[in-house]
Every structure is written in C-alpha cells, then in structure tokens.
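A closer look at the structure
Below are the chains, spelled out letter by letter.
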Amino acid sequence: MTQENRSGRPQGRPPEGDSRLTRTEVQLRGPFLLFFISSVIWLLAASVLGVIAALQQGSLAGGPFRDCEILTYGHVAAAQHNLFVYGWGFNAFFALNLWLLSQLGRFELRNGWLATLGGAVWNLALTYGVVQIFAGNQTGFGLLEFPREVGPVLAVAFLLAGFWPIVAFARRPTGHSFASQWFVVAASFAFPLTYLLAQLLILWQPASGVVQTIAHSWFVSNLLLLWFGASALAAVYYFLPKVLGRTISGYYLAPVAFWSFVLFAGWTGPAALIGAPVPLWLQSVGVVAAAMLIIPVIITAINFHGMLSTEGGWSRAWNDTTLRFVSFGAVAFTLFGALNAVFAFRGYNAVVRFTSFAAGQEQLLTYAFATMVLFGAAYYVLPRLTGSRWPSAKLVHVHFWATALGVVASIVALLVGGWQEGKQLAVASIKLADVVRAGSSWNYVLSVSAVLLLIGHVAFALNAFGMILKSSAPASAGRHD
Amino acid sequence: MNDRNRHPDNNRPRRGPSGAGSEGPSDGRLVEVHSQLSRDKDEPSEGFSLTPIFIVFLFCGFGFWAGLYLTQNSGNFAPSAFDLNAPKASLAGGPVAFEPDAAKGQTLFLANCAACHQATGLGVPGAFPPLVKSIWVTGSEDRLIKAILAGFAGEIEVNGVKYNGNMPNIGAGLKDSQVAHIATYIRQAWGNAAEPVMDTKVAEVRKAIGNRAQYVPADLLKEHPLETK
Amino acid sequence: MKNLNSLLAGIFLAVAFPFGVLVISSQVQLGSLGPAPAEEGGPLFPSREPGLAIQGRAVYVSLGCVSCHTQQVRPAGQGSDIARGYGVRASVARDYVQQKPVLLGERRIGPDLANYGARAKDLNAVHAAIRHDGQFAFLYAGAKQEAATERAIALAAYLQSLRQDYSSPEAKLKQ
C-alpha cells in the first residue's frame, strides 16, 4: 500500500525513555490507562452484542437466539447501544479529554485518585445497569434504559471522572486558549447538566404524556452532539495541526464554529419527532436547528479539509496512522452534517422516518466520526504514555481496514437500506412483511459489517493491551523524572 | 498567508512513522500560534479574501430562511397543531378545526338564499323548488356543493314536481367555510337530518370543478345520480 | 473565550435556553392536558387503562418491545400510516396522557401498535402475534393459548387496551 508497509514502520515510535514523559503525563497516566482499558473492554463487549443484534434484526423468529429471553433483540440492542455510548464513548473521551486539556494547559493532575475513583464508580454503575437491562429491568427510553437508580451514580461518577478538563482549563498558565479547549470544556460541562435534567423529567418526576418524549429527544441530541460531537471535534482540532505541523486554515473562523455548534446543537432534538404527536412548532424548531447546524459543519470543513488539501496533506495523512484515522473522522463529520441538514426536512424525513436511516446517521456521528478519531488519538497518545511501541504493525492494518470497511458497509446498509425501506413503506399496498423481506440482503451486510468491526476491535485491543502489558512490567522503577 | 503562519519548527524533518511518531509543534506553541492567528484576522497579509464575506452572506441567508420557515411552519405555536396539512388557522385562535355551525349557516342562508327558497325552505311553488325533505339537499354532499358553487340551469324534478330551475352560482362569491355553514344549515333545518358539511370538502369540490359555468341538471345527475330513498 | 467564566456561562445558556423553550414550554402547553370529551357531554377519552394493561405495559417495557414497535400514527401526507391501517386518524398529544411511560418508539421493524387494540381480531390473534413465530415462546408454557403465562396475559391485555379510535377535541373522526 504505502511506504509504511514497505518500511514496516507503523509500529509506534521507538521507545524514548521515560525522560520524555512530561510531568503532566506522569500525573495522569494512571487514570488515563484505567479509562482507556475499560473503554476498550466495553467496546469489545458492545461489538459482540452488535454481532448478536445484527443476526437477530429483521428476523421475526429471532434468528439463532429464538426463545431465549435474555437475548431478545429488545435486550441486546439496548445493552449494545448503552455499552457503546457509556462504556466505550464516555470512558475513551474521559481519557482523551483529560489528556488533551492537561497537555494544552500544562496541567498536573494532583488528585488523580479522584478521577480513578470516578472511573471505578462509573464502570461499576454501568455494569450494574447492563446486567439489569438483560434481567429485563429497563425504562423504555433510548440511552436512558438503565434503571433510574443508576442515573445519579453515573452523574456523580461523571463529576469525579469527567470534570478535570475544566479544572485544567481554569488553571492553564497562559491567557491564550485553543479551539480544542473550548470544545472539551463545552462537552464536559453540558453533559452532566443535560443528563441530570433528563433523568429528573423522564424517570424521577416524569413529565406528563409526550413531554417525556420531547425531553428525551432533547437529551439524545445533546448527548450525541455535545458529548460525542464536541469531544471528537476537539480532538480533530488538536491532532490535525499537531501531527501535520501546520496551522489550521481559516482558524479565525473557529470561534464561530464553536459558538454556532454549541448554540444550535441543543435545539436539534425535536427534528427526530417529525410527524409525532408533538406540537408543530417544536418540530419546526428542530428542522431549523438541524439545518443551521450546517454552519459549524461548513466552518470545520474549511478548517480541516483546507488544511489537509494543501501541500500534500492528504497523502501525509494517509501515511500516518493517527492522521489516517483522524482525517477519516473529519470527512465523516462533514458528511454527517450535510445528511443531518438535508434529512431534517419534512419531505425527506417522512420517507426515512421509522426506518434504519436514523441509526445510520447516528453511526456516522458516533462511529465513523467520534470512534475513528478516538482510535487515531490512541495511536498517538498510548506510545507516549507507555513509552513503548505498538507491538504489531500488522494488527494496526487489520484494525484500520476492518473498522473502516465495517463502518462504511454498515452505514451504507443502514442509510440506503433505510431509504429503500421507507420508499416501500410509503406505498400502503406493499405489506410490511414484504418490505422486511426485501431488506434482508441489507441485514446480511449489517451482520458482515458487525463481524468486521469486531475483528478490528479485537486487533486493536490485542495491540493496545500488549503494549500496556509490555510497558507496565518494568514500569514502576524509573518513570519519574 | 501560509508562510507567515507556518510553525518555525515546521521544517524539521518529520517523516514520522505512523502510530504516533510525529512530533508536531509543542502544545504551548500550538496554542500560541493559533491564538495569534485569530487575533490577526483583521489585517490580512495578502490582498482581500472573499471567503469571510461569502460566509457572512451565507449565514445571513440561513438566518433569514430560518425565520421564514418557522413563521410558516409552526401552526401559530399552538399546542394543538400537530399536522402541517391540517386546515389553516384562523388568525385569532390558532388552527382550530372547522366546526360547521348551523346558526352561522342560518344567517348566511337568510342573506343569500332566502330570497328564492324562502326562510321556511319551502320555496315558491311553480318557481323555486323547496329544500325541505329534498334529496338534492340531504343526498350527496358533492352534488349539493356543486349546485351551490356553480349553480345550474334547466329542468329539475324535486319531490315529484318539475321546476324550470335557474340556480345562480351563489357559492362562487362565498368562502369555503361559508358554503359549508350554509350547506350544514339546510341539511339540518326544517326536519332535514343529514350530516354536516366540512369546509375541506367544499375546498376539494371547488378545486375539482374550477371556475365552471352553470351545470345542466342532467350533467350534474350524471356525476352524482339521485339516491333512491 | 479566554475567560473561563464567560465560556461556561455561554455553554450554560446554550444548554438551558433550548431546555427552557423546548421542554419547559411544552410542559406548560401540554402538561395540563387530560382526558376530554370530543363533544360537550360526551365520554372522556383516552379512558383509564385497566390494571392488567398497566402490568402488561411493564412487560412491554421490560422486553424492549419499543426497539421494534412504534406507537404513533402520522398525519395523512407523511408516510402511509393511515392508509396502511395503523390508525384511523393521526395521533395527538392527548392520546398519551394516561400512559406512563410514553412509548412512542423510533423504529418500525414491526407494525405500529398505537391502535392495535382496535384492529386485533380476538385474543387468539393477539397471542399469536406476541409469539412472533416462536421468538417469544418463553412467555408460554406450551403450544396452546391457554398455556399463556401471567406475563403473556398481561401483555395481551395491554395490547388490546391500545386504541386511538375515538374522537378527541384535536382530532375528530369523520363520521
């Protein structure tokens, strides 16, 4: 493929000795590795469940797991979704956001044990919640499926584990600030607010009737855009200029991107309720917000793609593992924004409503964008923190190709399959059973892509855990400078 | 612009092996340089860039569109508006569903129809046919609405009596809702007992027949034959 | 932007303002909805759910049925919900005021259930549908309908209670 293959080099940088670790990195190494390791374990669990769910989907009789109460689709899909979001997405961004803002603010995490405690509580609560889902104790609201007692625990754990980036920003030595910092601060501050309000109005003091649904749509859009979206944007804003060694093109627009993103993201929720029995004005507000979200998407596209398009940026990005993943994510974000704006409009939305299309859009945001960026970040950060190489170049390639192909295939299947399904559903004379049958080839693609993703994740986990184990053996001795 | 913004350490050879090798600028430097960039935006170093102007216009356009879309598609922010295609709101109270109202219908009837058909609905024997117990009134909605909207000229038979009818297109000058009120009134007054007529139905018929001339009764009956009792 | 406080204040507003407008004001608009007669003096709809149906709803939630079934009928012109027979009119907010929790759903892998009670032929048909060709056979002790477990009985009662075939002030049925 490229020179990295020929020279056999995608192996991480050579061990450089512990002196290369900054004081900042020494301090946050413990919590970072805790978050990272647990995130990868959850990712593996979620991908196994993803394979099971893909096998069941679309099969009336439940596929190979028929008549098994624990593994009904309603349990597996909910558990998979929650593990991917709260297990992988949150733990991984806890780690990355902490590292990023510590680096940018030269922050030394003195009370690392608090973050570690937060991480432990988070993961315990998560485990409990998932077990409860399988036991049939769930709430019926997507991404709030955990029984309600889990909510406050997760919120407290978030404050312990996820609030450090804000502290790091507050304590930074210079007056300057950088786009990544704003986005991470926004993510770390907006999520707990959103989560607590949503818990309150949906599970603890349920609002009446469809107001629950409205609150839920608001929560989901905030979670996806302001946690996954903002955190991943922060990472792209950091890694592209850092690794390319250039400045961001049109950087003076970045504040506009930030504020318009934060401003519009919170309003997009009701766009998921078009046609639902909620007042028309709410639906229209959602449509407008989703369309206006194109503003930050355009600006980030100018920032990212402008930088990648000059002086052979794309080919350099291709030859660097971190950048390969990160720029994959950057492209995915632009696509996501365009699709999100177009398919908020009533005409298109009416076609794809209730089909797999929405899942495809979410996959585009949380996987093709956020998760790929997270992988890229891991290839950059882990060697620095562990001081060793990635054990296997081959596994890096397996990881990239399996996840890239897997995610592209799954998104195409969800989007195109969803569109076709919607077109057929709009014709009342075509029976639902026939529509489902017509979509079965897409279900096949989904199953294959779920397996591909699992393969990629196993490769990633083997590589990462191998590296961490290798480095931790002789670690304790001379790590401090 | 690029040259000025380039990092000083950009020329260092950095064939970073993938997987984290590349050492970019230090983080402090990264922040500082970009912070410099966002401050210097007012003094572009080379010429005049169209991008910002373009973007400002684009965003103003978006804002304008957003306002327009919201005012047109929000059902007057009423809690009971769920459907974009529902009957449009009256200005006062939001899109309340149309209620056929026989009382309003009576007022309209007296003003527009009673001259011929009389307030009693009995018409004038030999000249104007009665509406009471007439299948023309209590039968097909479509036929009745068409008769009101377009009128007809020619011989018709009502309750066994022949009339040389000349019904003017009285409904052409009335609103859908007014026609609906009148039709509802005459279908339910004087002992008539037929279903009310909705304004949407009137609008539908009006759209279907367009601005047509008076019917010949035979044509009207061809479209909607008289119901047998 | 350099100032943490103004940054946090901006983010707070960006979260709180949509919350206020989207959630709180819809609570103000819709929070006081209750069962109401379509015409003065008429019966109140939606009617209260039978106790068994409330238990059945818990079964529905616990099995995650909401991942494949919606409970909302879109107005004519959006999709083919009414033409497809999922309902006789579009759903309105008032239909859901008795339901805790509200399970509108986002995905139709199976049919919409908003008006299922009105179109289900009889109890046998409901139980046959619950079995899903055997996927949910664990809800039944045997092959016959009499073998339904308590959960299946409750679930069937819940499904039969799902009706949106009455007139409400916002959505009158055509006579």
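The numbering scheme is per chain: residues are counted from 1 as the chain's sequence reads. The naming scheme follows written order: chains are lettered A onward, ligands numbered 1 onward. Restriction of local features to residues with pLDDT of at least 70 applies here, the model being predicted, together with a cutoff of 80 or more for giving and counting side-chain atom pairs; totals for whole chains, interfaces and linings are based on all residues.

1. Focus on the overall build of chain C
Helical segments are the DSSP runs of H or I of at least four residues, strand segments are the runs of E of at least two, and each set is numbered from the N terminus. Helix and strand counts for chain C come out as five helices and two strands. Element order for chain C, N to C, with α for helix and β for strand: α-β-β-α-α-α-α. In this setup the radius of gyration rests on C-alpha atoms only. A globule is expected at 2.2 Å times the number of residues raised to 0.38. For 175 residues, the compact-globule estimate of 2.2 N^0.38 gives 16 Å, and the C-alpha radius of gyration of chain C, at 20 Å, exceeds that figure by more than 25%. Taken along the three principal axes of its C-alpha coordinates, chain C extends 70 × 45 × 30 Å.

2. Looking at the overall build of chain B
Of regular secondary structure, chain B possesses ten helices and two strands. N-terminal to C-terminal, the α/β element order of chain B is α-α-α-α-α-α-α-β-β-α-α-α. Field definition: a residue is buried when 20 or more other C-beta atoms are found within 10 Å of its C-beta, exposed when 12 or fewer are, and partly exposed for counts in between, with C-beta atoms placed from the backbone. Looking at chain B as a whole, 31% of its 229 residues qualify as buried. Taking the contacts inside chain B whose residues are at least 6 apart along the sequence as the reference set, 58% of them involve residues at least 24 apart. For the purpose of contact definition, each residue receives a C-beta atom placed from its backbone, and two residues are in contact when these atoms lie within 7 Å.

3. Side note on the confidence of the model for chain B
Residues and elements named next belong to chain B. Scored between 0 and 100, pLDDT is the confidence that the predictor attaches to each residue. For chain B, mean pLDDT is 74; residues scoring 70 or higher make up 76% of the total. Looking at the elements of chain B, mean pLDDT is at its lowest for helix α1 (residues 2-5), recorded as 39, and at its highest for helix α3 (residues 51-72), recorded as 86. Note that residues 1-22 has pLDDT below 50 and, in this model, 49 contacts with residues that lie over four places away or in other chains. The low-confidence segment residues 88-95 (pLDDT under 50) makes 17 contacts with residues lying over four places distant or belonging to another chain.

4. Observations concerning the interface of chain C and chain A
Each side of the interface is counted separately: chain C has 57 residues, and chain A has 69 residues. Counting residues per element, the ones that place at least two in the side of chain C that touches chain A are α1 (4-30) and α2 (51-62) of chain C. The leading source of residues in the side of chain C that touches chain A is α1(C), at 14 residues. Ten residues, namely Ala, Val, Leu, Ile, Met, Phe, Trp, Tyr, Cys and Pro, are considered nonpolar, four, namely Asp, Glu, Lys and Arg, are considered charged, and the remaining ones, Gly among them, are considered polar. Split by residue class, the side of chain C that touches chain A holds 32 nonpolar, 16 polar and nine charged.

5. Re the pairing of strand β2 (residues 161-167) of chain B
Residue and element names in this part refer to chain B. Two strands pair under a simple rule: DSSP has to find at least two bridges between them. Pairing between strand β1 (residues 152-158) and β2: seven bridges, direction antiparallel. For alanine 153, the partnering residue across the bridge sits in β2 and is asparagine 166. Hairpin connection of β1 to β2: two residues between the antiparallel strands, including asparagine 159 at a positive phi of 50°.

6. Regarding the packing of helix α7 (residues 141-150) of chain B against helix α9 (residues 199-209) of chain B
When two helices pack together, their arrangement is given by the angle between their axes and by how far apart the axes lie. Residue and element names in this part refer to chain B. Contact pair α7 / α9: the axes reach a minimum separation of 10 Å and the direction vectors enclose 65°. Of the two elements, α7 crosses α9, and the hand of that crossing is right-handed. Contact residues: Glu141, Asp142, Ile145, Lys146, Leu149 and Ala150 in α7; Lys201, Val202, Val205, Arg206 and Ile209 in α9. Of the residues that constitute the contact of α7 with α9, the class distribution is six nonpolar, no polar and five charged. To obtain an axis, a line is fitted to C-alpha atoms, over the contacting stretch when the element is a helix, and the angle between two such axes runs from 0 to 180 degrees between their N-to-C directions. Left-handed is the label given to a crossing in which the near helix is rotated counterclockwise from the far helix by less than a right angle, and right-handed is the label when the rotation is clockwise.

7. Structural notes on the environment of A:Val156
Residue and element names in this part refer to chain A. Relative to the assigned elements, valine 156 resides in helix α5 (residues 150-162). Accessibility expressed as a C-beta count within 10 Å gives 15 for valine 156, which makes it partly exposed. Between the C-alpha atoms of valine 156 and valine 121, which are 35 residues apart in sequence, the distance is 8.5 Å.

8. Some remarks on the packing of α7(B) against helix α8 (residues 176-188) of chain B
Residue and element names in this part refer to chain B. Contact geometry for α7 and α8: axes closest at 11 Å, N-to-C directions at 125°. Between α7 and α8, the interaxial angle falls into the category oblique. As α7 runs across α8, the sense of the crossing is right-handed. Note on element contacts: α8 touches α7 through Val179, Ile182 and Ala183, opposite Leu144, Ile145, Ile148 and Leu149. Among the residues forming the contact of α7 with α8, the class breakdown is seven nonpolar, no polar and no charged. Here the word oblique covers every angle except those under 35 degrees (roughly parallel), over 145 (roughly antiparallel) and from 65 to 115 (roughly perpendicular).

9. Here we look at α7(B)
Residue and element names in this part refer to chain B. The buried count for α7 comes to nine of ten residues, which makes it a mostly enclosed element. Those residues of α7 that sit buried are Glu141, Arg143, Leu144, Ile145, Lys146, Ala147, Ile148, Leu149 and Ala150. Where the residues of α7 are buried, they touch α6 (135-138), β1, β2, α8, α9 and α10 (217-223). Positive backbone phi, approximately 75°, marks glycine 151, located one or two places after α7.

10. Concerning the environment of B:Phe109
Residue and element names in this part refer to chain B. Within the element layout of this structure, phenylalanine 109 appears in helix α4 (residues 102-112). Between the C-alpha atom of phenylalanine 109 and that of isoleucine 186, which follows or precedes it by 77 residues, the distance is 8.1 Å. Not counting the four nearest positions on each side in its chain, phenylalanine 109 is found in contact with Ala114, Ile182, Tyr185 and Ile186.

11. Some thoughts on unusual backbone geometry
Glycine aside, the phi torsion of most residues is negative, and most peptide linkages are trans. All names here are of chain C. The amide bond that connects phenylalanine 45 to the next residue, proline 46, takes the cis arrangement and shows omega of -5°. When you line up the elements, proline 46 lands in the loop between β2 (44-45) and α2. Cis geometry is found at the peptide bond from lysine 100 to proline 101, where omega equals -5°. With respect to the element layout, proline 101 can be found in the loop between α2 and α3 (116-119).

12. Section: the confidence of the model for chain C
Averaged over all residues, the pLDDT of chain C equals 90, while 97% of them reach at least 70. Listed scores for the predicted complex are pTM 0.80 and ipTM 0.95.

13. What to know about the nonpolar core
By definition, a nonpolar core groups buried Ala, Val, Leu, Ile, Met, Phe, Trp, Tyr and Cys residues that connect through C-beta atoms lying within 7 Å of each other. Counting 242 residues, the largest nonpolar core has A:Phe183, A:Ala186, A:Val236, A:Phe369 and A:Val373 as the members making the most contacts within it. Looking at this core element by element, the count peaks at 24 residues for helix α8 (residues 211-244) of chain A. The start and end points of each domain follow an automatic or database-based domain assignment. In this structure, this core is formed jointly by two domains, domain 1 (1-32) and domain 2 (37-161) of chain C, each of which donates at least three residues. Ignoring anything within four residues of it in the chain, the contact list for A:Ala186 reads A:Leu226, A:Ala230, A:Val262 and C:Ile11.

14. Some thoughts on helix α13 (residues 321-342) of chain A
Between its terminal C-alpha atoms α13(A) stretches 32 Å, which fits the 32 Å expected from 22 residues at 1.5 Å a residue. Of all the 22 residues making up α13(A), 16 are buried; the element is thus mostly covered by neighbouring parts of the structure. To estimate the expected span of a helix, count its residues, drop one, and scale the result by 1.5 Å.

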